Amino acid sequence: MKSKILLSILLVALLAVIAVACAPAGPAATNEIKIVSSLPRTGSSKGQTDTVVNGIKMAVDEANGKVGNFTITYLDWDDATAAAGKWDPAQETENANKAVADKDVMVYIGTFNSGAAKLSIPILNAAGPLVMVSPANTYPGLTKPGKGEAGEPDKYYPSKVRNYTRVVPADDIQGAVGAQWAKQLKATKVYILDDQETYGKGIADVFEAEAKKQGLTVLGHEGIDAKAADYKALMTKVKGLNPDLIYFGGITQNNAGQLLKDKINVGMANDKVIFMGPDGIYEDAFIDAAGKANVEGVLVTFGGVTVDQYTGKAKDWLAAYKKKFNADPEVYAIYGYEAGKVALDAIARAGTKDRKAIRDAVFATKDFDKGVLGKWSFDANGDTTILTMSGSSIKGGKFVFSTLLGQ
Amino acid sequence: MSQQRKWLNGLLAIAVIYIVLLIGPTAGLDIPRVAREIAANPETLLQQMLVGLANGSIVAIIALGYTLVYGIIELINFAHGDLFMLGVFTSFTVIGLSGVDEKSSSSETIVVVLLAFVVSSVFCATLNVFIERFAYRPLRNAPRLAPLISAIGVSFILINVGLFWGGLRVIFPFMGNNAAAPKSIPDLLPRFDLLQAMGIQTNIAFTSKDLIVIVVASVLMISLRFFIQRTRLGKAMRATAQNRDAAMIMGININQVISLTFLIGGALAGAGGLLVGLYNNTAVFTMGFTAGLRAFTAAVLGGIGNITGAMMGGVLIGIIAAFSDQYFSSRWTNAWVFAVLVIILIFRPTGLLGERTSDKA
């Protein structure tokens, strides 16, 4: 009994020590400004986000970790869990709350998945608001009125002040150019599938609307069970309708690989029935998942210019990236870099450690050319003015640029 | 059945039909449309039944593992689905190391597949015996919740082993660059259309791949049934399931029999892993959870503890899922599978075939 009491006292003492050690270092304002990123760093998005984080690091390193009198600390947070294998709502919420609680955090770079942004925008909106710069979200409803569901995007901004920006063009453009591309390829009957997530369903809906406008026959549109072991029954049904193009709105992590495999398994080869997807499958993980033999001829749209088409400053950046990290970037890396640059520039222009002032500075970004994407601005919604899109196909297990879209 | 019970069942039936008709349409239930589609194209229905049969056979093999263990120690072994996932990884590793792919000669392929079958079964069987020895046996006389929680813990451990395994690209380069990403297994099973080959003019595709899966699954299940019903060891297993203490008094070594059960269950998981790996051609560390859920449902549907029931449950689930994918909507497929489970349990709380091997009051 005695030993138990002793043990409890020891435990309490230990906890007290930890609590003291972890407590914030008082109200003394420091010159440290933290930029955090919240991206899926566990699971199969890691290949892509590794290169995004590298991009952000590059931007911070180029400034030598300093802006004016402020020291910039960059923190790389994970919004995925091993159990989920992809972003996890609870983890993203926790990250957002952690950022709010840390008074030094001035910019929140993220998220990667649009569904995650839906959760963190309102939390950060009520705290200052703390500004977000997303390197990858493309769901239109996050920023554009009338392009998403009813009540979007205002329901994400309880304080009525916008705090969310993104350096990538949204899917109301990407989904539409996908449908236009399908038309160019002389497809007439399309079947649309999505992974039932914010991003996937959003882009599939845009694709469907534009496809109808282009005069294509939409044979059907349904959500798949992202956790299913196989899609043979579903693909058998689709085959019965005789489409010449299948569009999948979704991400690799929601079983895009298996979907493609079973499309081929039931007898719809890629040269007979085209398989098209958005940037959610524009990553090497998709090729690994579906198998090199199956991905040949798959078409992918991307809301920007692909790595092999970089010119000018982007090309120089690519060389610098390869030199620094001794690896090739994936498509979103350059947006990580651009997001980092925007954040640093806004902090410099604001010149003060204040969330509201830095938010205003980010939204005031105009004719920005300190990054590598060219000269662009944020509009009132926080969207980029760049609208260039590209279409790629997979050849020999690699993404190969095929055409510029949406121009 | 008493008069009262009959009345109650009748009322329940009306209530269930009412609820299904009320909620069903949201989930794609539109009886006239489905009837029209079936009448217009009966071949599609047959085709989907075949797809469901092949998928259901796989579910059934995994379900056997749940039902065997439950039958004998009344434990829902939540780790079984993840053991099956490791079976897929073992098979994939053997295939990857051997370097065979779609272009290899058939004799090479056969040797490698047989080797993968043996390695995967032995590995999973051994692992399962160890799991029982260290995670369940110490808790055998504890309250029933304790081993259940222990099983969930083992499940998490196995998931992480799978994740780690997928990241071993230094040793196994074929694992790809990303630990968590789904891995593509070469398509080694021959795939030619049997009905076309027999000269039958039809749109129904039934390939040798489907046939192999159904045949292998059936052979495994029939031999298991034979083992349990006709051999001495099987008899010992049944005795242990009925009454552990009485069996012990009769001179049966309980620990050995329970280990044997886990050995067989593990071997089935390993064999099932190879089969799924070759059929769906994907290995991913999260696949155990989904497969386990469906299989567990199949076991409950058929009557947990009952081997024939598990087979029936598996095939039934496969067919319901395929039917729902075709005629309702794939996003509601899981809802339909579980709705059928609920409906069957309302009228037969012990599942289709009741609980025969275990003796619970």
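Just so we're clear, the structure is a prediction, and the values are computed from it rather than from any experiment.

**Notes on the packing of aromatic side chains**
Going through the model one piece at a time under the given rule, you end up with 24 aromatic pairs over all chains. Seen from their ring centres, Tyr136(B) and Phe262(B) are 5.8 Å apart, and the 45° between their planes marks the pair as tilted. Of this pair, Tyr136(B) sits in helix 5 (residues 106–136) while Phe262(B) is found in helix 11 (residues 254–280), placing the two residues 126 residues apart along the sequence. On the accessibility criterion, Tyr136(B) (3% relative accessible area) is buried. Grouped by ring-pair contacts, the aromatic residues Phe112(A), Tyr282(A), Phe302(A), Tyr332(A), Tyr335(A) and Phe399(A) constitute a single cluster. We note Arg133(B) situated over the ring of Phe134(B); from NZ or CZ to the ring centre the distance is 5.7 Å.

**Overview of the sheet that holds strand 2 (residues 66–67) of chain A**
Residues and elements named next belong to chain A. Across the sheet, six strands lie side by side as 2-3-1-4-5-6; this open sheet has mixed pairing. In the strand order of this sheet, the two ends are held by strand 2 and strand 6 (164–166), each with one partner. Relative to strand 3 (residues 70–78), strand 2 is paired through two bridges, and the arrangement is antiparallel. Paired with Lys-66 across the bridge in strand 3 is Thr-71.

**Looking at the domain arrangement of chain A**
A common measure of how large an interface is: the accessible area buried when the components associate. Residue and element names in this part refer to chain A. What the domain assignment reports for chain A is domain 1 (32–169 + 311–376) and domain 2 (171–302 + 390–405). With centres defined by C-alpha atoms, the gap from domain 1 to domain 2 works out at 28 Å. Between domain 1 and domain 2, a total of about 1,600 Å² is buried, with carbon and sulfur atoms accounting for 51% of that surface. Taken together, domain 1 and domain 2 are joined by three salt bridges.

**Quick notes on the confidence of the model for chain A**
Residue and element names in this part refer to chain A. Of all residues in chain A, 93% attain a pLDDT of 70 or more, and the chain-wide mean is 88. Within chain A, the element-level pLDDT minimum falls on helix 1 (residues 2–22), averaging 57, and the maximum on strand 7 (residues 189–194), averaging 96. Contacts of residues 23–28 to residues separated by more than four positions or lying in other chains number zero contacts, the stretch itself having pLDDT below 50.

**Quick look at the sheet that holds strand 8 (residues 217–223) of chain A**
Residues and elements named next belong to chain A. The strand order across the open sheet formed by seven strands is 8-7-9-10-11-12-13, and the pairing between neighbours is mixed. Of all the strands in the sheet, just strand 8 and strand 13 (398–405) have a single pairing partner and so form its edges. Averaged over all pairs of adjacent strands, the angle between their axes in this sheet comes to 25°, without regard to strand direction. In terms of strand pairing, strand 7 meets strand 8 through six bridges, oriented parallel. Its bridge partner being in strand 8, Tyr-191 is matched across the sheet by Gly-220. Those strands touched by helix 6 (residues 198–213) are strand 7, strand 8, strand 9 (245–249) and strand 10 (274–277), and its axis lies near 165° from that of strand 7. Of the strands in this sheet, strand 7, strand 8 and strand 9 are in contact with helix 7 (residues 232–240), which crosses strand 7 at around 160°.

**A closer look at the environment of Val88(B)**
Residue and element names in this part refer to chain B. By secondary structure assignment, the location of Val-88 is in helix 4 (residues 80–98). When its relative accessible area of 0% is taken as the criterion, Val-88 is described as buried. Between the C-alpha atoms of Val-88 and Gln-3, which are 85 residues apart in sequence, the distance is 51 Å. Once residues lying within four places of it in the same chain are set aside, the contact partners of Val-88 are Ile-185, Gly-273, Gly-277, Thr-282, Ala-283 and Met-287.

**Points about the interface of chain A and chain B**
Facing the 28 residues of chain A at the interface are 32 residues of chain B. Each partner contributes to the roughly 2,500 Å² buried at the junction of chain A and chain B, and carbon and sulfur atoms together form 47% of this total. Ranking the residues of chain A by area buried against chain B places Lys232(A), Ala233(A) and Lys237(A) at the top, with a combined share of 19%. Counting across the chain A and chain B interface gives zero salt bridges. Along the contact surface separating chain A from chain B lie 17 residue pairs in polar contact (both at pLDDT 80 or more). Looking at the side of chain A that touches chain B, the elements that each hand over two or more residues are helix 2 (46–62), strand 8, helix 7, helix 8 (256–265) and helix 9 (284–290) of chain A. Per-element tally for the side of chain A that touches chain B: the top contributor is helix 7 of chain A, with five residues. Taken together, the residues of the side of chain A that touches chain B sort by class into nine nonpolar, ten polar and nine charged.

**A closer look at the pattern of salt bridges**
All names here are of chain A. Per the counting criterion, the structure on display carries 29 salt bridges over all chains. Asp-262 serves as the salt-bridge partner of Lys-232, at 3.7 Å between the closest nitrogen and oxygen. Residue Lys-232 is located in helix 7, and its partner Asp-262 is located in helix 8; the two are separated by 30 residues in the primary sequence. There is no split in this pair, since Lys-232 and Asp-262 are both buried. Salt bridges sharing common partners tie together Arg-41, Lys-46, Asp-50 and Asp-76.

**Focus on helix 3 (residues 42–73) of chain B**
Residue and element names in this part refer to chain B. Its 32 residues place the ends of helix 3 45 Å apart at the C-alpha level, agreeing with the 46 Å of an ideal helix rising 1.5 Å per residue. Of all the bends in helix 3, the greatest measures close to 25° and is centred on Ala-63. The buried fraction of helix 3 is high, at 25 of 32 residues. Once helix 3 ends, the next one or two residues include Glu-74, with phi positive near 55°.

**Describing the nonpolar core**
Counting 97 residues, the largest nonpolar core has Leu64(B), Leu68(B), Ile95(B), Tyr136(B), Leu224(B), Met237(B) and Leu268(B) as the members making the most contacts within it. Ignoring sequence-local partners within four residues, the contact set of Met237(B) consists of Leu68(B), Ile72(B), Phe227(B), Ile228(B), Val257(B), Leu260(B), Thr261(B) and Ile264(B). With 78 residues, the next largest nonpolar core counts Ile56(A), Val238(A), Tyr310(A) and Tyr337(A) among its residues.

Calculation criteria
- Residues numbered from 1 in each chain as written.
- Chains lettered and ligands numbered in written order.
- Predicted model: local features only at pLDDT ≥ 70, side-chain atom pairs only at ≥ 80, totals over all residues.
- Heavy atoms only, no water.
- Phe/Tyr/Trp six-rings, centres within 6.5 Å; stacked < 30°, edge-to-face > 60°.
- Helix = DSSP H or I, 4+ residues; strand = E, 2+ residues; numbered from the N terminus.
- Buried < 20%, exposed > 50% of the residue type's maximum accessible area, 1.4 Å probe, protein only.
- Lys NZ or Arg CZ within 6 Å of the ring centre and 35° of its normal.
- Pairing = 2+ DSSP bridges.
- Domains from an automatic or database assignment.
- Buried area = accessible area lost by both parts, 1.4 Å probe.
- Salt bridge = Lys/Arg side-chain N within 4 Å of Asp/Glu carboxyl O.
- pLDDT = per-residue confidence, 0-100.
- Contact = heavy atoms within 4.5 Å.
- Axes fitted to C-alpha atoms, helices over the stretch in contact; angles between N-to-C directions.
- Polar contact = N/O pair within 3.5 Å; in protein donor to acceptor, adjacent residues only side chain to side chain.
- Nonpolar A, V, L, I, M, F, W, Y, C, P; charged D, E, K, R; others polar.
- Expected span 1.5 Å × (residues − 1).
- Bend = angle between axes of the 7 residues up to and from the residue.
- Core = buried A, V, L, I, M, F, W, Y, C linked by side-chain atoms within 4.5 Å.

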